[in-house]
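# Coordinates in review
In case you want the letters, here they are:
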Amino acid sequence: MAGDAIDTAGESPCQSCGACCSYSENWPRFTIEDDAQLDLIPAQFVNARQSGMRCEGDRCSALSGKIGEATRCVVYAVRPEVCRTCQPGDAECAMARRRHGLPLIASAPPD
Ligand code: SF4
Ligand code: SF4
C-alpha cells in the first residue's frame, strides 16, 4: 500500500498487503511535507498533534480493507512522504510483513 512499485507480474503486492500501514502509530508521520501538501490530507485522517496520520492502535485510519487480502489507502494521492518511500521488499516492508505473518517479498535486483 505504501509503496507504488510494480512487481514482475505488473501488479503491486501492496494491494493485497497493507502491513506497513498497520505496523506502528509512529510510522505514518509527517517529515518533509510543507503546509500546502499537508492541507491536502483530509483532517479526519490527521492526528491531534498534527504530526502524522491518525491511527487506531497501530493501524492508519486511512487504510481501507483487510490486511493480507485487499487493502487501499484512501488518501493515496496525497499520502505522506514516508508512505511513498517504503517499497515492497525493503527493510521496513519486511518488518511489517513479518509482524502480520505474511511471507517476505524479495527485493528488486539493482539496476
Ligand atoms: S508491507 Fe511491503 S508489500 Fe505490504 S504494503 Fe507495505 S510496502 Fe507494500
Ligand atoms: S496514509 Fe495511506 S499509505 Fe500511508 S500509512 Fe496510511 S494508509 Fe498507508
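Whatever comes next refers back to the structure up there.
Report on the accompanying structure. Every residue gets a number counted from 1 within its own chain, in the order that chain's sequence is written. Think of it this way: whatever chain is written first is A, whatever ligand is written first is 1, and the rest follow in order. The model is predicted, so local features are restricted to residues of pLDDT at least 70 and side-chain atom pairs to those at 80 or more, both for listing and for counting; the totals for chains, interfaces and linings are taken over all residues. Side-chain measures were taken over the full set of non-hydrogen atoms in the model, leaving aside hydrogen atoms and water.

### Observations regarding the overall build of the chain
Along the backbone of the chain there are three helices and four strands. In the chain, the order of α-helices and β-strands from amino to carboxyl end is α-β-β-β-β-α-α. The 111 residues of the chain split such that 40% are buried. About 6600 Å² of surface is accessible on the chain, with carbon and sulfur atoms providing 52% of the total. A run of H or I in DSSP counts as a helix once it spans at least four residues, and a run of E counts as a strand once it spans at least two, with each numbered from the N terminus. Throughout this description, buried means an accessible area under 20% of the type-specific maximum (1.4 Å probe, protein chains only), exposed means over 50%, and partly exposed covers the range between. Residue exposure ignores everything except the shown protein chains as possible cover, and the areas themselves are Shrake-Rupley values with a 1.4 Å probe.

### Quick word on helix 3 (residues 91-99)
All of the buried residues in helix 3 are C93, A94, A96 and R97. Identification of polar contacts relies on pairs of N or O atoms within 3.5 Å, with a donor-acceptor requirement for protein atoms, meaning one able to donate a hydrogen and the other able to accept it, and with residues adjacent in sequence counted only if both atoms are side-chain atoms. Two or three places before E92, at the start of helix 3, stands the capping residue D90, its side-chain oxygen 3.2 Å from that residue's backbone nitrogen. A positive backbone phi angle near 70° is found at G101, which sits one or two residues after helix 3.

### A word on the environment of C21
Within the secondary structure layout, C21 lies in the segment before helix 1 (35-39). Using a relative accessible area of 10% as the deciding quantity, one classes C21 as buried. Along the backbone, C21 and L63 are 42 residues apart, and their C-alpha atoms lie at a distance of 6.6 Å.

### A word on the side chain of R79
Along the chain, R79 turns up in the loop between strand 4 (70-73) and helix 2 (81-85). Overall, R79 belongs to the buried group, its relative accessible area being 5%.

### Thoughts on the site of ligand 2
Nearness here has a simple test: a residue counts as near a molecule or strand if at least one of its heavy atoms is within 4 Å of that partner. Within the structure, ligand 2 sits among 12 residues, and C21, C60, L63, C73 and C83 are positioned closest to it. Within the shell around ligand 2, the residues separate by chemical class into 12 nonpolar, no polar and no charged. When residues are grouped by polarity, Ala, Val, Leu, Ile, Met, Phe, Trp, Tyr, Cys and Pro land in nonpolar, Asp, Glu, Lys and Arg in charged, and all others, Gly among them, in polar.

### Section: the nonpolar core
Counting residues in hydrophobic clusters, the biggest one holds 12 residues: C17, A19, C20, C21, Y23, W27, L63, V82, C83, C86, A96 and L102. Each nonpolar core is a collection of buried residues, namely Ala, Val, Leu, Ile, Met, Phe, Trp, Tyr and Cys, held together in the definition by side-chain atoms within 4.5 Å. One finds F45, C55, C60 and A62 within the second-largest nonpolar core, a separate group that totals 10 residues.

### So, the pattern of salt bridges
By convention in these notes, a salt bridge is any Lys or Arg side-chain nitrogen within 4 Å of a carboxyl oxygen on Asp or Glu. Evaluated as defined, the whole model comprises three salt bridges. Between R54 and E56 there is a salt bridge whose closest N-O contact spans 3.1 Å. Note that E69 and K66 form a salt bridge whose closest N and O atoms lie 3.6 Å from each other. Like E69, the residue K66 is exposed in the burial classification.

### Looking at the packing of aromatic side chains
Side-chain rings of Phe, Tyr and Trp (the six-membered ring for Trp) are treated as a pair once their centres are within 6.5 Å; stacked means planes under 30 degrees apart, edge-to-face means over 60, and tilted covers the remaining angles. Under the definition given, this model contains zero aromatic pairs. Placement of a positive charge over a ring is assigned whenever Lys NZ or Arg CZ falls within 6 Å of the ring centre and within 35 degrees of the normal to the ring plane. Across the ring face of Y76, the terminal group of R79 is positioned such that the distance to the ring centre comes to 3.8 Å.

### Some thoughts on the pairing of strand 4
In regular strands, side chains alternate between the two faces of the sheet. Because side chains alternate across strand 4, one face comprises the buried residues T71 and C73, and the other comprises A70 and R72, none of which is buried. Any two strands between which DSSP finds at least two bridges are classified as paired. Bridge count between strand 3 (residues 63-66) and strand 4: four bridges; the pairing is antiparallel. The residue of strand 4 that forms the bridge with G65 is T71. The hairpin turn running from strand 3 into strand 4, its antiparallel successor, is three residues long, and G68 in that turn takes a positive phi close to 85°.

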